[in-house]
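Results of the structural survey
What follows is the residue order along each chain.
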Amino acid sequence: IYTFGFTDEGDNISIGKFLLQDKKLYKDIFSQHQPLTYYVSSAIQKAAPADNILLVIRRHRQFIMLFSFLWIAFLTIRFGYRLLPFLFLVELLKYYYLGHLFLAESLVIYPLAYLFCLFWQVLLHKNLSRMDAVIASLSAFFVVFNLLPVGFAVLAMIISMLVLIKKKKNLY
């Protein structure tokens with residue numbers, strides 16, 4: 001259970017370890033992926049040192065579980081219990097789609113869900129708070145610097161929300 005099931009997970013953890021050894025990303029270490037996943041991995045490895053590779057993998061997978069739990073709690077508090085069936089479905093399907101591994105795709109699903117729910121609220125002419133704007137911009141940053149291919153979807157949602165907010169003037 002604690003072996004590398006997918007090559008990208010091994011790359012993320014290995015490059016995170018190299019960053020802790022003062023290697024420079026894209027100078028000393030080559031990668032074709034966005035950088036934030038590597039920095040998250042190095043933060044996990046620094047915060048919870050492990051003496052063997054199995055424990056390193058375990059810590060990363062535990063981080064994914066904790067990250068998911070915190071986002072589920074936040075999304076439920078922010079958008080209500082009607083979102084729970086969707087979140088339950090995501091959790092059921094994520095093991096089939098390798099969502100329990102330490103991958104960029106595993107990290108961006110919940111920030112993307114937040115942005116989508118916020119976008120939906122703007123479409124329904126609901127008011128947004130300044131905290132929503134801050135969390136949305138942090139979520140957009142997190143998604144784009146983890147998984148760039150979904151950056152166009154994030155950009156489209158953010159621009160659409162800004163246009164609708166400016167049109168309706170519903171940002172407090």
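Shown above is the structure to which this text applies.
Residues numbered from 1 in each chain as written. Predicted model: local features only at pLDDT ≥ 70, side-chain atom pairs only at ≥ 80, totals over all residues. Heavy atoms only, no water.

1. What to know about the packing of helix H1 (residues 7-20) against helix H2 (residues 36-47)
Packed helix pairs are characterised by how far apart their axes lie and by the angle those axes make with each other. Filter applied, for reference: As a rule, the C-alpha atoms of each element are fitted with a line to give its axis, helices using only the stretch in contact, and angles between N-to-C directions run from 0 to 180 degrees. Strands here are runs of E lasting at least two residues and helices are runs of H or I lasting at least four, both read from the DSSP assignment and numbered beginning at the N terminus. Any angle that falls under 35 degrees is termed roughly parallel, while one over 145 is termed roughly antiparallel, one within 65 to 115 roughly perpendicular, and all others oblique. Less than a right angle of anticlockwise turn of the near helix away from the far helix marks a crossing as left-handed, whereas a clockwise turn marks it as right-handed. For this analysis, residues touch if any pair of their heavy atoms sits within 4.5 Å. Under the scheme applied here, ten amino acids are nonpolar (Ala, Val, Leu, Ile, Met, Phe, Trp, Tyr, Cys and Pro), four are charged (Asp, Glu, Lys and Arg), and all others, including Gly, are polar.
Remark: H1 packs on H2, axes separated minimally by 7 Å, with the N-to-C direction vectors making an angle of 65°. By the angle between their directions, the pair H1 and H2 is classed as roughly perpendicular. Of the two elements, H1 crosses H2, and the hand of that crossing is right-handed. Residues Asp11, Asn12, Ile13, Ile15, Gly16, Lys17, Leu19 and Leu20 of H1 pack against Thr37, Tyr38, Tyr39, Ser41, Ser42, Gln45 and Lys46 of H2. Classifying every residue of the contact of H1 with H2 gives six nonpolar, six polar and three charged.

2. Re the packing of aromatic side chains
Rules: Here is the rule: rings of Phe, Tyr and Trp (six-membered ring for Trp) pair when centre to centre is within 6.5 Å. Planes less than 30 degrees apart are stacked, more than 60 are edge-to-face, and the remainder are tilted. Remark: exposure states derive from per-residue accessible area (1.4 Å probe, protein chains only) relative to the maximum for the residue type, with buried under 20%, exposed over 50%, and partly exposed in between.
Applying the stated criterion across every chain, the model contains 11 aromatic pairs. Taking 4.9 Å as the distance between ring centres and 85° as the angle between the ring planes, the aromatic pair formed by Tyr96 and Tyr97 counts as edge-to-face. Classification of Tyr97 as exposed rests on a relative accessible area of 60%.

3. Focus on the nonpolar core
Inclusion rule: Buried Ala, Val, Leu, Ile, Met, Phe, Trp, Tyr and Cys residues form a nonpolar core when they are joined through side-chain atoms within 4.5 Å.
Core analysis: the largest hydrophobic core is formed by 41 residues, its most contacted members being Leu75, Phe79, Phe102, Tyr110, Tyr114, Leu118 and Val154. Broken down by secondary-structure element, the contributors of at least two residues to this core are H2, helix H3 (53-79), helix H4 (84-94), helix H5 (104-123), helix H6 (130-144) and helix H7 (151-168). Ranked by the residues each element gives to this core, the list is headed by H5, at 12 residues. Those residues within four positions of Tyr110 in sequence are excluded, and the remaining contacts are Ser68, Trp71, Ile72, Leu75, Leu87, Val90 and Glu91.

4. Topic: a nonpolar patch on the surface
Heads up, the condition is: Patches here: salt-bridge-free residues with over 30% relative accessible area, like charges joined within 9 Å, nonpolar side chains (Val, Leu, Ile, Met, Phe, Trp, Tyr) joined within 5 Å. Only the protein chains shown count as cover for residues, and all accessible areas are computed by the Shrake-Rupley method using a 1.4 Å probe. Any Lys or Arg side-chain nitrogen located within 4 Å of an Asp or Glu carboxyl oxygen qualifies as a salt bridge.
Taken together, Phe88, Leu89, Leu92, Leu93, Tyr96 and Tyr97 make up a surface patch of nonpolar side chains, about 740 Å² in accessible area. Its location among the elements puts Tyr96 in the loop between H4 and H5.

5. What to know about H5
Using the following cut-off: One less than the residue count of a helix, multiplied by 1.5 Å, gives the span that helix is expected to have. Throughout, the bend at a residue refers to the angle made by two axes, fitted to the seven residues ending there and to the seven starting there.
A rise of 1.5 Å per residue sets the reference length of H5, with its 20 residues, at 28 Å; its end C-alpha atoms lie 28 Å apart and thus fit the reference within 8%. Helix geometry: H5 is bent most strongly at Tyr110, by close to 25°, with proline Pro111 lying one to four residues after it. Taken across its 20 residues, H5 has 15 buried, putting it largely inside the fold. Downstream of H5 by one or two residues, His125 has phi in the positive range, about 65°.

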